[in-house]
Amino acid sequence: MSRRISPVIPGFGLTLGYTLVYLSLLVLIPLGAMFLKTTQLTWDQFWTIITAPRVLAALKLSFGTALIAALINGVIGTLLAWVLVRYRFPGRKIIDAMIDLPFALPTAVAGIALTALYAPNGLVGRFATEIGLKIAYTPLGITLALTFVVLPFVVRTVQPVLADIPREVEEAAACLGAKPLQVFRHVLLPALLPAWLTGFALAFARGVGEYGSVIFIAGNMPMKTEILPLLIMVKLDQYDYTGATAIGVLMLVVAFVLLLLINLLQRRIETP
């Protein structure tokens, strides 16, 4: 007589119920309340708010710098993952731990440190100013801050996939006459691309909503270096709650559409 083994985690019905309640309290209800608050505006009022020149400039800056930072980390993060997986050298574990530092470090601390370093009177900013390059209080400084904040995402998504690819596969391709670029394109890239897209999407989404590390180095000049999260805070300080929620809905919709497109591309790549 076989004895029935009870599962470690409760059955499907109970776990699904916990999952739906948890997601509803933390995600669905707050987002639904934001959309509900926006319904107090007429369509003309909503359109006037989201198409204001100041809002459009902040939208372009936030999404543009987040996209550039995600692309930079897409390249550098892949190289970092490659070095950590394929090579053994002194200090490897220290470098591996440093990659997670942006997760542990308060973003405001990162923003202050970057501003002190790249401001015109900072250690690096002083030399950059001498050659005519201004870093802090420009979109370049914002991109730099976002690149620091989103660093771990691509590394941590690509790293385990790369570790699962046997080195013998690369060696076999090389023995068959494949050049290094051909090995990367035909052997490594198909396996890494879905994970890379996931890391890129996570980095992009985090960069769009980043606030603490950006406000110090941005300079927060309207129409020039003002990001959307800061513009939302300005609306809240002015007690313009409907205006703030309208901008929040705009950010949410644009980010959702972009992430949906990335996920569809990822699914198309994974489907043979």
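The structure displayed is predicted, hence computed values, not measured ones.

Let us look at the overall build of the protein. A count of helices and strands for the protein gives 14 helices and zero strands. For the protein, the α and β elements follow one another from N to C terminus as α-α-α-α-α-α-α-α-α-α-α-α-α-α. Here the C-alpha coordinates of the protein stretch approximately 70 × 65 × 30 Å along the principal axes. Scored against the burial criterion, the 272 residues of the protein give a buried share of 38%. Counting contacts in the protein only where the partners sit at least 6 residues apart, residues at least 24 apart contribute 75% of the total. In the structure as shown, the protein presents an accessible area of about 16400 Å², 71% of it carried by carbon and sulfur atoms. Considering the protein, the positive charge centre built from 20 side chains and the negative charge centre built from 13 side chains are found 2 Å apart.

This paragraph deals with the pattern of salt bridges. A complete count under the given rule lists five salt bridges for this structure. Residues joined by salt bridges that share partners form a network here, namely Asp 96, Asp 100 and Arg 156.

Turning to the UniProt feature "transmembrane region" (unreviewed entry) in the protein, a few remarks are in order. This chain's UniProt record puts "transmembrane region" (unreviewed entry) on residues 12–36, 63–85, 97–119, 131–155, 187–205 and 241–265. Taken end to end, residues 63–85 has its terminal C-alpha atoms 32 Å apart, with 100% of it in helix and 0% in strand. Secondary structure content for residues 187–205 is 100% helix and 0% strand, and the end C-alpha separation is 29 Å.

A few words on the side chain of Ser 213. As for its placement among the helices and strands, Ser 213 is situated in helix 12 (residues 212–218). A polar contact is formed between the side chain of Ser 213 and the side chain of Glu 210, at a distance of 3.0 Å. With sequence-adjacent residues up to four places away left out, Ser 213 is seen in contact with Thr 107, Ala 108, Ala 110, Gly 111, Ala 145 and Val 149.

Glancing now at the nonpolar core. Ranked by size, the top nonpolar core spans 52 residues in total, and within it Phe 63, Ile 142, Leu 228 and Ile 247 carry the most contacts. When residues of this core are traced back to their parent elements, those giving at least two are helix 2 (43–50), helix 3 (53–86), helix 8 (139–149), helix 9 (151–164), helix 11 (180–209), helix 12, helix 13 (228–237) and helix 14 (241–270). With 11 residues, helix 3 is the largest single contributor of residues to this core. The contacts of Ile 247, once residues within four sequence positions are left out, are Ile 49, Val 55, Leu 228, Leu 231, Ile 232 and Lys 235.

At 3.6 residues per turn, the α-helix brings residues three or four places apart onto the same side. In this model, helix 1 (residues 12–38) (27 residues) spans 36 Å end to end at C-alpha, consistent with the 39 Å of a helix rising 1.5 Å per residue. Of all the bends in helix 1, the greatest measures close to 55° and is centred on Ser 24.

Definitions and cut-offs
Residues numbered from 1 in each chain as written. Predicted model: local features only at pLDDT ≥ 70, side-chain atom pairs only at ≥ 80, totals over all residues. Heavy atoms only, no water. Helix = DSSP H or I, 4+ residues; strand = E, 2+ residues; numbered from the N terminus. Buried < 20%, exposed > 50% of the residue type's maximum accessible area, 1.4 Å probe, protein only. Contact = heavy atoms within 4.5 Å. Areas by Shrake-Rupley, 256 points an atom, 1.4 Å probe, with all protein chains shown as cover. Lys, Arg positive; Asp, Glu negative; His and termini not counted. Charge placed at Lys NZ, Arg CZ, Asp CG, Glu CD. Salt bridge = Lys/Arg side-chain N within 4 Å of Asp/Glu carboxyl O. UniProt positions renumbered as here; feature names shortened; annotations may be inferred. Polar contact = N/O pair within 3.5 Å; in protein donor to acceptor, adjacent residues only side chain to side chain. Core = buried A, V, L, I, M, F, W, Y, C linked by side-chain atoms within 4.5 Å. Expected span 1.5 Å × (residues − 1). Bend = angle between axes of the 7 residues up to and from the residue.

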